[in-house]
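Listed here are the chains, written in short residue letters.
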Amino acid sequence: MDVKIEESWKELLQSEFEQPYFEELTRFVREAYRKGTVYPPAKLIFQAFDRCPFDRVKVVIVGQDPYHQPGQAHGLCFSVNDGVALPPSLQNIYKELQNDIGKPPAASGNLERWATQGVLLLNATLTVEANRAGSHQGKGWELFTDRVIERLATEREHLVFILWGAYAQKKGEGIDANRHLILKSPHPSPLSAHRGFFGNSHFSRANAYLSAHGKEPIIW
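Residues numbered from 1 in each chain as written. Predicted model: local features only at pLDDT ≥ 70, side-chain atom pairs only at ≥ 80, totals over all residues. Heavy atoms only, no water.

Novice: What should I look at first to understand the pairing of strand E2 (residues 59-63) in this one?
Specialist: Every regular strand shows the same layout, with side chains that alternate between the two sheet faces. Of all five residues that make up E2, five are buried, and the element is covered over most of its length. A two-sided burial pattern is seen for E2, the buried positions comprising Val59, Ile61 and Gly63 on one face and Val60 and Val62 on the other. Note: E2 against strand E3 (residues 119-123), five bridges, orientation parallel. Bridge pairing in E3 links Val62 to Leu122. Sheet topology places E2 next to strand E5 (residues 160-164); four bridges connect them, and they run parallel. The residue of E5 that forms the bridge with Val60 is Phe161. (Buried < 20%, exposed > 50% of the residue type's maximum accessible area, 1.4 Å probe, protein only. Helix = DSSP H or I, 4+ residues; strand = E, 2+ residues; numbered from the N terminus. Pairing = 2+ DSSP bridges.)

Here's what the structure looks like:
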């Protein structure tokens, strides 16, 4: 199957694209876009990969679903397009960023500037129906993104995996903590941020680890 995705990922994941579950997933997704409104725009489904080639990944942040309101989702977890109001979780991410490293909140919620530095902003499910959170869960995306995490964890060394909330932490269960840095805390959602997301210092800890292993830190 010819999937339009950045070349290094295409080569790495080609065998996955030939699996029956992925062919079934592709049929489901194509039909969903044909029948209704689905986010992100189809050309941006693999934006996280396109902005961050496999050998350039330094940090992996795991999200769950794309945003499901108009104009928000553009293929990077927690990120929204320029000019779009910041969702509550992203507001809290920016608050923790300021608490941690003193960086004032950015006016834009577009996190492409992180992605191009080596932060893979990976949602577990890469598509969603408009106004229906979780509507494309259980269709095969989770298996695909599990394989992505598995390949990163086994074929790369000294990556930082940032896992916010129980869902992301479950997806990271197979990662070798002796080989990578695994940072866990509650989710930045307003429902849970005060239970340990604030004060987790994940941004400074990620950069300290990268520096200790000879990698350029992220300019958050």
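Novice: Quick question: what am I supposed to make of the pattern of salt bridges here?
Specialist: In a structure, side chains of opposite charge can pair up when their charged atoms sit close to one another. According to the stated counting rule, one finds eight salt bridges in the structure shown. Linking Glu112 and Arg51 is a salt bridge whose minimum nitrogen-to-oxygen distance equals 2.9 Å. Of this pair, Glu112 sits in helix H5 (residues 112-115) while Arg51 sits in the loop between helix H3 (47-50) and E2, placing them 61 residues apart in sequence. Lys171 is paired through a salt bridge with Asp146; the nearest N and O atoms lie 2.6 Å apart. Of this pair, Lys171 sits in helix H7 (residues 166-171) while Asp146 is found in helix H6 (residues 141-155), placing the two residues 25 residues apart along the sequence. A relative accessible area of 12% places Lys171 in the buried class. It is possible to trace a salt-bridge network through shared partners that takes in Glu16, Arg147 and Glu150. (Salt bridge = Lys/Arg side-chain N within 4 Å of Asp/Glu carboxyl O.)

Novice: Before we go on, may I ask you to explain the state of the cysteines in this structure?
Specialist: Across all of its chains, the model carries zero disulfides by this definition. Its sulfur unpaired, Cys52 is 11 Å from the next cysteine sulfur, which belongs to Cys77. With a relative accessible area of 0%, Cys52 lands in the buried category. Looking at Cys77, the relative accessible area reads 1%, which means it is buried. (Disulfide = S-S within 2.5 Å.)

Novice: I would appreciate a short explanation of the nonpolar core in the present structure.
Specialist: Where a protein is soluble and globular, its nonpolar side chains tend to be buried together. Residues Trp9, Ile61 and Phe144 are the most contacted members of the largest nonpolar core, which totals 66 residues. Of the residues forming this core, the biggest block, six residues, is contributed by H6. Apart from residues no more than four positions distant in its own chain, Ile61 is found in contact with Cys77, Phe78, Trp114, Val119, Leu120, Leu121, Leu122, Ile162, Trp164 and Trp220. (Core = buried A, V, L, I, M, F, W, Y, C linked by side-chain atoms within 4.5 Å. Contact = heavy atoms within 4.5 Å.)

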